[in-house]
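Examination of the molecular architecture
This is what each chain is made of:
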Amino acid sequence: MKIICIGRNYVAHAQELNNDIPEEPVFFMKPDSALLRNNDPFYIPDWTNEVHHEIELVLRVCRLGKNIEKRFAHRYYDEIGLGVDFTARDIQNELKKKGLPWEKAKAFDQAAVISSTFFPVSIFPTPESIRFKLDINGQTVQEGNSGLMIFGFEEIISHISKYITLKIGDLIYTGTPAGVGPIKIGDRLEGFLEDKKLLDFMVK
């Protein structure tokens, strides 16, 4: 399976990192070794001094697809979960300044937290207004709504499939809202999809 992540998909988040608003979906990849499952603790790597949290809605691909038209894209995902895209921001900034790829800052082990529970798309009255949030130590630090995405689910799937064949079980992290920031040892992270808590893990 593949982990495909969308960057800069919320205007306020792009602005907080001083990035331009993209004209088409921006995506990058993480290996399956980046997955952190079952609310296992996240261990901050010793080679970074600044890991940031990025809470995201995650789509699970349910059909094989290539060059998918936007009007048919809703057929290619059937479940929505929650994830955290951890980013070694100090490393990413160094690499960006040099014009180098920044997989090292995004694709490291445990950098893709994923919820054990996914919900059928059918339970959401309107997929265009799904609420989610991240709490750290009981305080809400990020709140998002799928209606605020620059590129919606179907546009994301259609765009990715022009370049990469989607396969059953692939995960698409759909972008993070504003409010990203550093984590530290001892933090407790709790992620909520609507009012259901799907993530609850410690930073070590």
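Quick note: structure is the one above.
Being a predicted model, the structure only gives us computed values, none of them experimental. (Residues numbered from 1 in each chain as written. Predicted model: local features only at pLDDT ≥ 70, side-chain atom pairs only at ≥ 80, totals over all residues. Heavy atoms only, no water.)

Strand order in the open sheet formed by four strands is β11-β10-β14-β15, with antiparallel pairing between adjacent strands. Of all the strands in the sheet, just β11 (139-145) and β15 (196-202) have a single pairing partner and so form its edges. Neighbour-to-neighbour, the strand axes of this sheet turn through a mean angle of 15 degrees, independent of strand direction. The sheet contact formed by strand β14 (residues 188-193) and β15 spans six bridges and is antiparallel. (Pairing = 2+ DSSP bridges. Helix = DSSP H or I, 4+ residues; strand = E, 2+ residues; numbered from the N terminus. Axes fitted to C-alpha atoms, helices over the stretch in contact; angles between N-to-C directions.)

With that settled, consider the pattern of salt bridges. As enumerated under the stated definition, the model contains 15 salt bridges in all. Taking the shortest distance from any N to any O, the salt bridge between Asp195 and Arg131 comes out at 3.8 Å. Note that Asp195 is positioned in the loop between β14 and β15 and Arg131 in strand β10 (residues 131-136), a separation of 64 residues in sequence. Arg131 sits in the partly exposed class, given a relative accessible area of 38%. Glu190 is paired through a salt bridge with Lys197; the nearest N and O atoms lie 2.8 Å apart. When its relative accessible area of 9% is taken as the criterion, Glu190 is described as buried. Of the residues examined, Lys197 reaches a relative accessible area of 40% and is grouped as partly exposed. Look at the salt bridges and you will find they share partners, linking Lys30, Glu54, Asp85, Arg89 and Lys106 into a network. (Salt bridge = Lys/Arg side-chain N within 4 Å of Asp/Glu carboxyl O. Buried < 20%, exposed > 50% of the residue type's maximum accessible area, 1.4 Å probe, protein only.)

Throughout the structure, instances matching the rule amount to seven aromatic pairs. Ring geometry for Tyr10 versus Phe132: centroids 6.5 Å apart, planes at 65 degrees, classification edge-to-face. Of this pair, Tyr10 sits in the loop between β1 (3-7) and α1 (11-16) while Phe132 sits in strand β10; the two residues are 122 residues apart in sequence, bridging distant segments of the chain. Seen from their ring centres, Trp47 and Phe108 are 5.2 Å apart, and the 90 degrees between their planes marks the pair as edge-to-face. Here Trp47, found in the loop between β3 (35-36) and β4 (51-53), pairs with Phe108, found in the loop between α3 (103-106) and β8 (112-114); they are 61 residues apart in sequence, far enough to count as distant. Residue class for Trp47 comes out partly exposed when judged on its relative accessible area of 39%. (Phe/Tyr/Trp six-rings, centres within 6.5 Å; stacked < 30°, edge-to-face > 60°.)

Let us look at the environment of Val61. Mapped onto the elements of the fold, Val61 is located in strand β5 (residues 55-61). A C-alpha to C-alpha distance of 6.3 Å links Val61 and Leu171, two positions 110 residues apart in sequence.

This paragraph deals with unusual backbone geometry. You will see that Asn38, though not glycine, has its phi angle at about 60 degrees, which is positive. Asn38 sits in the exposed class, given a relative accessible area of 53%. The phi torsion at Asn137 lies on the positive side, around 55 degrees, for a residue other than glycine. Looking at the secondary structure, you find Asn137 in the loop between β10 and β11. Residue classification places Asn137 among the partly exposed positions, given a relative accessible area of 43%.

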